[in-house]
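Structural description and commentary
Below, each chain spelled out in residue letters.
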Amino acid sequence: MILLKTVSLWKQFGETRACNGLDFVVNKGEFLSLVGSNGAGKTTLVNLISAHLQPDSGQILLEDRDITFTTVTERIKAGIARSFQIVNLFDGLSVFDNVALSVFSREGKTVKMARLADRDTDVRREALEVLGQFGLASKTAVAAGGLAQGERKLLDVAVAYALRPRLLFLDEPTSGVSTHEKAQIMDTVSSVVRGGMVTAVVIEHDMDVVFRYSDRIVMMHEGSFLADGTPDEIRANKEVASILLGAPLTD
Amino acid sequence: MTGANPLPNRSLLKLVAAAAPVLLVLILVPGVVGIYQLQLVIYGLIAAIAALGFNLLLGYTGLLSFGHSAYFGVGAYSVAFVVEHVGPHSMEFYLLVGIPIVAVTSALFGYICVRHTQIFFGILTLAISQVVYSLALKLYWVTGGSDGLRVPRPALLLGLLSFSGPEGFQQFVRSYYYYVLGIFVICVILMWVIVHSPFGKALQGIRDNEVRARFLGLRIRRFRWISFLVSGTFTGVAGILWVPLNGLTTPDVLYWTFSGEIVFTTLLGGFRNFTGPIVGGIVFTYLRTYAVASTEYWQLLLGVVLVALVLVLPTGIVGALSRAGQRLSKRNAST
């Protein structure tokens, strides 16, 4: 079942074709990895689908509904959420409030001015539950700005996850952390995402991580798709291997 | 402080425990001090309300308004107009008429200003307030020009308390003190609830990270606009309360230097703390009064204080005190 589809999506920055007429498909329930060297257009594709950027041409369809020209708010309502490569948190708010704000926003409760946020037991329970799932239950009262890098990456995903999206984009959820932490973060993220039946698209450079956690891998190169298949198929693909070996794998 | 989020009931209890002694002192003040001092405390409370409103924008929404004199002044002038053309000399009536006028003005000007952020926002607020100032100065047949408008002493509590005769002014100040204190308490509670509401959390989210806030589905501009509206209205209420005590409103309260004083007040107390603007309002009122009384170079003195403040106490009085308190409790815990 196709959840999201793009039809010849174009985006050009000056002379650089970041998205070269892409037909991208995300199936319901899969854990998909987008790989490729720096500048391959992965983040641009995610930016287009999440309405962070507008495409030059092409269409974005969510279950056959054209969402190409909808706003960020509308896309979030439709069930598309994302995290960011460079951690994007509310540093002055507590860890708890970061996630609670997501829940408040999703439920349309941020208009409430005459009620204490902490008194909303439903939101409270849900935020604590999400934080527990991401292993941050012991940090709820800490300001988000005071977390360690690995925890910040997890919180960044948790904030997006708390929007209860159908389709979750994670832009390098393990960038900037040690190899050891990478596995921990991905274990947590993949188990929560799969447990919540959320379809996920992950941008990732570490091929060990990609092969281990993905159902499907899509490889990009200079704004186009180079390969698309299961981890085993990608492993066996000679062209992919040469690109991967020829291009730097990390930021 | 690690571990679970403090329970909501406990944090509320802590607040009440901290506020009760302060409130008690404030209630007892008129028994101890003379009329002049009492007037100063009233002015301090009014400045605190103005700064409290201003800080919803600066501290909680991340927008520096340099034109909050406009809302204070519109509050004061709307009362003066009411007195001159219609209506009874009743404080409740002043508030009833003044608050909607201030709210509409804030909504209107805010709608324009929140189209921009940062320095552009600041300049817009400044420009609009200067337009209002020029109007007050030039339309003298309405506003009295630089002479301003007189506002007689109102009756309080629906005419229950009225003040005339030789002791009228003293009686008025004593009663008015409790009146302002009451409204001050209401304003503090209202603002406390607002900044701790889901709406307030959203404002702080927008302050910390606009991009992420947008990707939670928040409509940034609308939040900033409502924040502006509430902020301007609080500052306007301060203007409404100020004018009967001062007995007169002049274009001075619309001039940009008065906006600067509101900024100063908030920085002095600390814009990162809820209580900062309140402490700032009272301290600044005393600071300025004594500076004016002790030297003709009082503006220079205030300037030096401002420079020292930015260099030495960037988090303001409350920020520095709370840091010192944390250090002390840490030391106690370690020994």
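Counting restarts for each chain, with residues numbered from 1 along the sequence as it is written. Chains and ligands are labelled by the order in which they are written, letters from A for the one and numbers from 1 for the other. Two thresholds apply to this predicted model, a pLDDT of at least 70 for residue-level local features and 80 or more for giving and counting side-chain atom pairs, whereas whole-chain, interface and lining totals are computed over all residues.

Secondary structure elements follow DSSP: runs of H or I of four or more residues count as helices, runs of E of two or more count as strands, with numbering from the N terminus. A count of helices and strands for chain B gives 14 helices and two strands. Just to be clear, the radius of gyration here is over C-alpha atoms, and the globule rule we use is 2.2 Å times residues to the power 0.38. For 335 residues, the compact-globule estimate of 2.2 N^0.38 gives 20 Å, and the C-alpha radius of gyration of chain B, at 20 Å, lies within 12% of that figure. A buried classification covers 44% of the 335 residues belonging to chain B. Exposure criterion: with C-beta atoms placed from backbone coordinates, a residue whose C-beta has 20 or more other C-beta atoms within 10 Å is buried, one with 12 or fewer is exposed, and one in between is partly exposed.

Moving on: the overall build of chain A. Check the secondary structure of chain A and you find nine helices and eleven strands. By the compact-globule yardstick of 18 Å for 251 residues, chain A fits well, its C-alpha radius of gyration being 18 Å. Each principal axis of the C-alpha atoms in chain A carries an extent, and together these give about 55 × 40 × 35 Å. Burial analysis of chain A (251 residues in total) assigns 45% to the buried set.

Attention now moves to the domain arrangement of chain A. Much of the literature gives interface size as the accessible area that the parts lose upon coming together. Residues and elements named next belong to chain A. For chain A, the assigned domains read domain 1 (1–79 + 165–251) and domain 2 (91–164). Start and end points for every domain follow an automatic or database-based domain assignment. Each of domain 1 and domain 2 was reduced to a C-alpha centroid, and the two centroids are 25 Å apart. Whether two residues are in contact depends on their C-beta atoms, placed from the backbone: they are in contact if these lie within 7 Å. At the interface, 13 residues of domain 1 touch twelve residues of domain 2. Those elements that provide at least two residues to the side of domain 1 that touches domain 2 are β8 (167–171) and α6 (179–195). Partitioning the side of domain 1 that touches domain 2 into residue classes produces nine nonpolar, three polar and one charged. Lys, Arg, Asp and Glu make up the charged group, whereas Ala, Val, Leu, Ile, Met, Phe, Trp, Tyr, Cys and Pro make up the nonpolar group; the residues left over, Gly among them, are polar.

Now for the packing of helix α8 (residues 198–208) of chain B against helix α10 (residues 220–246) of chain B. All names here are of chain B. The interhelical angle for the contact between α8 and α10, taken along N-to-C directions, is 115°, at an axis separation of 10 Å. Where α8 crosses over α10, the two elements pack in a sense that is left-handed. Across from Ala202, Leu203 and Ile206 in α8, the residues of α10 making contact are Ile220, Phe223 and Ser227. Among the residues making up the contact of α8 with α10, the classes are represented as five nonpolar, one polar and no charged. Only the stretch in contact is used when a helix axis is fitted, and all axes are lines through C-alpha atoms; the angle between N-to-C directions ranges over 0 to 180 degrees. For any helix crossing, the convention is left-handed if the near helix is rotated counterclockwise from the far helix by under a right angle, and right-handed if that rotation is clockwise.

When pLDDT drops low, the exact placement of atoms in the prediction is not to be read closely. pLDDT expresses, on a scale from 0 to 100, how confident the predictor is about each individual residue. Taken as a whole, chain B shows an average pLDDT of 88; of its residues, 96% reach a score of 70 or greater. Under a pLDDT of 50 for its full length, residues 1–7 of chain B has, in the predicted model, 13 contacts with residues more than four places off or in other chains.

Tallying the contact residues gives 34 residues for chain A and 28 residues for chain B. Elements with a minimum of two residues in the side of chain A that touches chain B: α2 (72–78) and α3 (95–106) of chain A. Ranked by the residues each element gives to the side of chain A that touches chain B, the list is headed by α3(A), at seven residues. For the side of chain A that touches chain B, the per-class residue count stands at 17 nonpolar, eight polar and nine charged.

So, about unusual backbone geometry. All names here are of chain A. Here alanine 51, not a glycine, exhibits a phi torsion of approximately 70°, which is positive. Summarising the element assignment, alanine 51 is placed in the loop between α1 (42–49) and β5 (57–62). Owing to 23 C-beta atoms within 10 Å, alanine 51 belongs among the buried residues under this scheme. Positive phi values are uncommon outside glycine, yet glutamate 63 reaches one of about 50°. Residue placement: glutamate 63 occurs in the loop between β5 and β6 (65–66).

Our focus in this paragraph is the nonpolar core. Structurally, a nonpolar core is described as a collection of buried Ala, Val, Leu, Ile, Met, Phe, Trp, Tyr and Cys residues joined by way of C-beta atoms within 7 Å. Among the nonpolar cores identified, the biggest contains 158 residues, and A:Val99, A:Ala158, B:Ile46 and B:Ile49 are the most heavily contacted of them. Ranked by residue count, the leading element in this core is helix α2 (residues 35–61) of chain B, at 16 residues. Residues from two domains meet in this core; each of domain 1 (1–79 + 165–251) and domain 2 (91–164) of chain A gives at least three. Every residue in contact with B:Ile46, bar those within four places of it in the chain, is listed here: B:Val180, B:Ala238, B:Leu241 and B:Trp242.

Attention now goes to the environment of B:Val16. All names here are of chain B. Position of valine 16 relative to the elements: it lies in helix α1 (residues 8–32). By the C-beta count within 10 Å, which is 9 here, valine 16 ends up exposed. Taking the C-alpha atoms as reference points, valine 16 and proline 100, 84 residues apart in sequence, are found 30 Å from one another.

Right, let's talk about the pairing of strand β4 (residues 31–35) of chain A for a bit. Residues and elements named next belong to chain A. Here β4 lies mainly inside the structure; four of its five residues are buried. Here β4 pairs with strand β9 (residues 199–203) via four bridges, running parallel. Within the sheet, the bridge partner assigned to leucine 32 lies in β9 and is valine 201. Bridging between β4 and strand β10 (residues 216–221) involves four bridges; their strand directions are parallel. Looking at the pairing, valine 35 lines up with methionine 219 of β10. Being paired, for any two strands, means DSSP has found at least two bridges between them.

Residues and elements named next belong to chain B. Across the interface, helix α11 (residues 256–269) lies against helix α12 (residues 276–294) with an axial gap of 7 Å and an inter-helix angle of 115°. Taken together, the axis directions place α11 and α12 in an arrangement best described as roughly perpendicular. At the point where α11 passes α12, the crossing takes the right-handed sense. Across the interface between the two elements, Phe264, Thr265, Thr266, Leu268 and Gly269 of α11 pack against Gly276, Pro277, Ile278, Val279, Gly280, Gly281, Val283 and Phe284 of α12. When describing relative orientation, an angle under 35 degrees is termed roughly parallel and one over 145 degrees roughly antiparallel, while 65 to 115 degrees is termed roughly perpendicular and anything else oblique.

Let us look at the sheet that holds strand β11 (residues 224–229) of chain A. All names here are of chain A. The six strands are arranged β7-β8-β9-β4-β10-β11 in an open sheet whose pairing can be described as mixed. The strands lining the two open edges of the sheet, one partner per strand, are β7 (80–82) and β11. Along the sheet, successive strands turn relative to each other by an average axial angle of 20°, direction set aside. Here β10 runs beside β11; their pairing, made up of five bridges, is antiparallel. Looking at β11, one finds that methionine 220 is bridged to phenylalanine 225. Contacting β4, β7, β8, β9 and β10, α1 crosses the sheet at an angle of about 145° to β8. The strands that α6 touches are β4, β8 and β9; relative to β4, the one it contacts most, it runs at about 135°.

Before going further, it helps to examine the pairing of strand β2 (residues 16–22) of chain A. All names here are of chain A. Note: strand β1 (residues 2–13) against β2, five bridges, orientation antiparallel. Of the residues in β2, the one forming a bridge with leucine 9 is leucine 22. Linking β1 to β2, which pair antiparallel, is a turn of two residues; within it glycine 14 sits at a positive phi near 60°.

Looking now at the environment of B:Glu84. Within the secondary structure, B:Glu84 is located in helix α3 (residues 69–85). Along the primary structure B:Glu84 and B:Gly205 are separated by 121 residues, whereas in three dimensions their C-alpha atoms are 45 Å apart.

Now for the environment of A:Phe225. Residue and element names in this part refer to chain A. Locating phenylalanine 225 in the fold gives a position in strand β11. Separated by 110 residues in sequence, phenylalanine 225 and arginine 115 place their C-alpha atoms 50 Å apart. When sequence neighbours within four positions are dropped, the list of residues in contact with phenylalanine 225 reads Leu22, Val218, Met219 and Met220.

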